[in-house]
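Next come the chains, spelled out residue by residue.
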Amino acid sequence: MDLSWDDLRTVLSLVRGGTLAAAAEDLGVAYTTIARRIARAEAAMGVTLFERLADGYRPTEMAKLVAEHAATMEQSQDALLRGVLGRDQNLTGTLTITAPQLLIGPALGPAIETFCENYPDVRLDVRATNTPLDLTRREADLAIRISKEPGDSLMGLRLVEQQSAAFAAPGVAELIARDPQRTVEWLNYVAYEDVPKGVDPAWPNHRVKIRFDDMVAILGAVQAGLGVARVPFFLGRTTAGLVRVPVLPPQPYMDIWVVAHRDVWPSAKVTAFREILAAHMRANRALYVA
């Protein structure tokens, strides 16, 4: 029985993920398919690769050896496919981009629409996530990221600088404007323990009311009138029911970049999307700063 690349890649994914479910999600197949491929790989090599335990599959030393070699094969495959895409000058096929969810609507929507109109033979796949995908492993061809820099192994183009400010529901903003001594109640992201630095001394009283682990939840809470939040200008300006409050002067915020692996950067599809996106973002720079 011959070993297939699918089976070797499944061993690698199960060693990395630790569970059938994690491997199934990684490879986009059913967990029963993972179990079947593992059994097939063990039969082909005549060894036991995983101990079947009540809490999951535990890799043997042989499985770790197979995974090590499979990882090298995976890297070679990824490099080959990146090289093929980077040299592809056809405006056909699939282009996969990734971006944070909250950028998809107001920031990227018009650029995406323009690209689709101009290049109807390219199927655009969008992976909306705040988790940076691995462009080396070709989890996406091109990424739009909010960050300080593109990363050492990537090519990057800074699209636009950003600032943030304080936003609230109109009723909350009116109360704050009417009484500067009123306590400004902040809705924070979990990473921030205290109120933002640099608050205007004209409003001396502040406290953190609630902390959230999700920006969408923060925006919803602000809309509901629960308090004030520091958000990027583009979100504050494009989210219904929010107005700016002057308790915090404009603050520097991380830039928006478009990045891709160096091998992929010259691709016709990547170049076409990048140019449309850059033109759109720069034409709308005023949305992102005071």
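See the structure printed just above.
This write-up is about the structure you can find in this document. (Residues numbered from 1 in each chain as written. Predicted model: local features only at pLDDT ≥ 70, side-chain atom pairs only at ≥ 80, totals over all residues. Heavy atoms only, no water.)

**Points about the overall build of the protein chain**
Then step 1. When helices and strands are tallied, the protein chain shows nine helices and 11 strands.
Then step 2. A globule of 290 residues ought to have a C-alpha radius of gyration of about 19 Å, yet the protein chain, at 24 Å, is considerably larger.
Then step 3. Once the C-alpha set of the protein chain is aligned to its principal axes, its extents read approximately 80 × 50 × 30 Å.
Then step 4. Counting all 290 residues of the protein chain, 42% fall into the buried class.
Then step 5. Across the protein chain, every contact between residues at least 6 apart in sequence was considered, and the portion connecting residues at least 24 apart equals 72%.
Then step 6. Computing the positive centroid from 31 side-chain charges and the negative centroid from 34, the protein chain places the two 3 Å apart. (Helix = DSSP H or I, 4+ residues; strand = E, 2+ residues; numbered from the N terminus. Rg over C-alpha atoms; globule rule 2.2 N^0.38 Å. Buried < 20%, exposed > 50% of the residue type's maximum accessible area, 1.4 Å probe, protein only. Contact = heavy atoms within 4.5 Å. Lys, Arg positive; Asp, Glu negative; His and termini not counted. Charge placed at Lys NZ, Arg CZ, Asp CG, Glu CD.)

**With respect to the packing of aromatic side chains**
Then step 1. Counting across every chain of the model gives five aromatic pairs.
Then step 2. With 5.2 Å between their ring centres and 45 degrees between their planes, Phe115 and Tyr119 make a pair best called tilted.
Then step 3. Between the aromatic rings of Phe234 and Tyr288, the centroid separation amounts to 5.6 Å while the plane-to-plane angle is 40 degrees, which identifies the pairing as tilted. Separated by 54 residues along the polypeptide, Phe234 in helix 8 (residues 233–238) and Tyr288 in the segment after helix 9 (268–283) bring together distant segments of the chain. Tyr288 carries the same exposure label as Phe234, and that label is buried.
Then step 4. Three or more aromatic residues joined by ring pairs form one cluster here, namely Phe115, Tyr119 and Phe273.
Then step 5. The ring of Trp265 is capped by Arg274, whose NZ or CZ atom sits 3.9 Å from the centre of that ring. (Phe/Tyr/Trp six-rings, centres within 6.5 Å; stacked < 30°, edge-to-face > 60°. Lys NZ or Arg CZ within 6 Å of the ring centre and 35° of its normal.)

**Re helix 7 (residues 215–223)**
Then step 1. Burial in helix 7 covers these residues: Ile218, Leu219, Ala221 and Val222. The arc enclosing the buried residues of helix 7, seen along the axis, measures out at 160 degrees, which places them on a common side.
Then step 2. Residues of helix 7 that are buried in the fold lie against helix 5 (101–118), strand 6 (154–168), strand 7 (184–189), strand 8 (206–212), strand 9 (229–232) and helix 8.
Then step 3. In this structure Asp214 caps helix 7, since a side-chain oxygen of it lies 3.0 Å from the backbone nitrogen of Val216.
Then step 4. A positive phi of about 85 degrees marks Gly225, the residue just after helix 7. (Arc of directions from axis to C-beta. Polar contact = N/O pair within 3.5 Å; in protein donor to acceptor, adjacent residues only side chain to side chain.)

**A few points about helix 4 (residues 61–87)**
Then step 1. With 27 residues, helix 4 should cover 39 Å at 1.5 Å per step; its first-to-last C-alpha distance of 40 Å lies within 8% of that length.
Then step 2. All of the buried residues in helix 4 are Ala63, Val66, Ala67, Ala70, Ala71, Glu74, Asp78, Arg82, Gly83, Leu85 and Gly86. (Expected span 1.5 Å × (residues − 1).)

**Details of the packing of helix 5 against helix 9**
Then step 1. The interhelical angle for the contact between helix 5 and helix 9, taken along N-to-C directions, is 135 degrees, at an axis separation of 9 Å. Relative to helix 9, the element helix 5 lies oblique. Two packed elements cross with a definite hand, and for helix 5 against helix 9 that hand is right-handed. Residues Ala107, Leu108, Pro110, Ala111, Ile112, Thr114, Phe115 and Asn118 of helix 5 form the contact with helix 9, whose own contacting residues are Lys269, Ala272, Phe273, Ile276, Leu277, His280 and Met281.
Then step 2. Residues that form the contact of helix 5 with helix 9 fall into these classes: 11 nonpolar, three polar and one charged. (Axes fitted to C-alpha atoms, helices over the stretch in contact; angles between N-to-C directions. Parallel < 35°, antiparallel > 145°, perpendicular 65-115°, else oblique. Left-handed = near helix turned anticlockwise from the far one by under 90°. Nonpolar A, V, L, I, M, F, W, Y, C, P; charged D, E, K, R; others polar.)

**Some remarks on the side chain of Arg274**
Then step 1. Position of Arg274 among the secondary structure elements: in helix 9.
Then step 2. Glu275 is the oppositely charged side chain nearest to the buried, salt-bridge-free Arg274, at an N-O distance of 5.5 Å.
Then step 3. Filtering out sequence-adjacent residues up to four positions away, Arg274 remains in contact with Leu142, Leu157, Val258 and Trp265. (Salt bridge = Lys/Arg side-chain N within 4 Å of Asp/Glu carboxyl O.)

**Concerning unusual backbone geometry**
Then step 1. A positive phi angle, near 60 degrees, is found at Arg138, a position not held by glycine.
Then step 2. Mapping Arg138 onto the fold places it in the loop between strand 4 (122–128) and strand 5 (142–147).

**Observations concerning the environment of Val199**
Then step 1. Looking at the secondary structure, you find Val199 in the loop between strand 7 and strand 8.
Then step 2. Residue Val199 is classed as partly exposed on the basis of its relative accessible area of 24%.
Then step 3. It is 9.8 Å that separates the C-alpha atoms of Val199 and Pro250, two residues lying 51 residues apart in sequence.
Then step 4. Sequence-distant contacts of Val199, defined by excluding residues within four places in its chain, comprise Trp186, His206, Val247 and Leu248.

Bear in mind that shape data such as this cannot, by itself, settle questions of function.
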